[in-house]
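This is what each chain is made of:
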Amino acid sequence: MKTLRQAKIGETVKVVKLHGEGAVKRRIMDMGITKGVEVFIRKAAPLGDPVEVNVRGYELSLRKADADMIEVE
């Protein structure tokens, strides 16, 4: 299993599954990250948190904890 946090900068990955539950999972889905969507890893902050991604045509910053909940391939 590979998570969004483990994806390298410049890589495009596809979301396989969202882990977590309740409000956290709903918030991730509300940002447009759903099963089957492609996510491009743009860059990461100097200490790795947050990570900036492109999803559905817009830029989004995710914390490491949230990126760990997104399983990708």
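Being a predicted model, the structure only gives us computed values, none of them experimental.

## Considerations on unusual backbone geometry
Positioned with a positive phi, Arg56 is a non-glycine residue whose angle comes to about 55°. The residue Arg56 is located in the loop between β4 (51–55) and β5 (58–62) in this model. On the accessibility criterion, Arg56 (53% relative accessible area) is exposed.

## Considering the pairing of β5
Look at any regular strand and the pattern is simple: side chains alternate between the two faces of the sheet. Looking at chain direction, β4 and β5 are connected through 5 bridges and run antiparallel. Its bridge partner being in β5, Asn54 is matched across the sheet by Glu59. Linking β4 back to β5 in an antiparallel pair, the connection comprises 2 residues, with Arg56 at a positive phi of about 55°.

## Here's the deal with the environment of Val55
With respect to the helices and strands, the residue Val55 is situated in strand β4. Since its relative accessible area comes to 1%, Val55 is described here as buried. Along the primary structure Val55 and Gly22 are separated by 33 residues, whereas in three dimensions their C-alpha atoms are 22 Å apart. Residues in contact with Val55, not counting those within four places in the same chain, are Met31, Gly32, Ile33, Val37, Glu38, Val39 and Leu60.

## Notes on the sheet that holds strand β3 (residues 38–44)
Strand order in the open sheet formed by 6 strands is β1-β6-β2-β3-β4-β5, with antiparallel pairing between adjacent strands. One side of each edge strand has no neighbouring strand; the edge strands of this open sheet are β1 (2–3) and β5. Bridging between β3 and β4 involves 5 bridges; their strand directions are antiparallel. Its bridge partner being in β4, Val39 is matched across the sheet by Val55.

## Thoughts on the layout of surface pockets
Its boundaries defined by the atoms lining it, the largest pocket holds a volume of some 190 Å³. Along the walls of the largest pocket sit Leu4, Arg5, Ala7, Lys8, Ile9, Ile41, Ala44, Gly48, Val51, Arg63, Lys64 and Ala67, which together make up its complete lining. Breaking the lining of the largest pocket down by element, the ones donating at least two residues are β3 and α2 (64–67). A per-class count over the lining of the largest pocket returns 7 nonpolar, 1 polar and 4 charged.

The rules behind these values
- Position labels on residues start from 1 in each chain and follow its written sequence.
- Two thresholds apply to this predicted model, a pLDDT of at least 70 for residue-level local features and 80 or more for giving and counting side-chain atom pairs, whereas whole-chain, interface and lining totals are computed over all residues.
- The side-chain values count all of the structure's non-hydrogen atoms but skip hydrogen atoms and water molecules.
- Helix numbering and strand numbering both begin at the N terminus, where a helix is a DSSP run of H or I of at least 4 residues and a strand a DSSP run of E of at least 2.
- Burial status follows relative accessibility: with a 1.4 Å probe on protein chains alone, a residue under 20% of its type maximum counts as buried, one over 50% as exposed, and anything between as partly exposed.
- Should DSSP find at least two bridges between two strands, the strands are taken to pair.
- Any pair of residues with heavy atoms lying within 4.5 Å of one another is described as a contacting pair.
- Here a cavity denotes a set of grid points, spaced 1 Å apart and computed over the protein atoms alone, in which a 1.4 Å probe fits but from which it cannot get out, and a pocket denotes an open set meeting protein on both sides within 12 Å along at least five of seven lines; residues with an atom within 4 Å of a point are reported as lining.
- Grid points are joined across faces, edges and corners, and a volume is the space filled by probe spheres set on the points.
- In this classification, the charged set is Asp, Glu, Lys and Arg, the nonpolar set is Ala, Val, Leu, Ile, Met, Phe, Trp, Tyr, Cys and Pro, and all remaining amino acids, among them Gly, are polar.

From the geometry alone we can't say anything about function, so treat these as descriptive.
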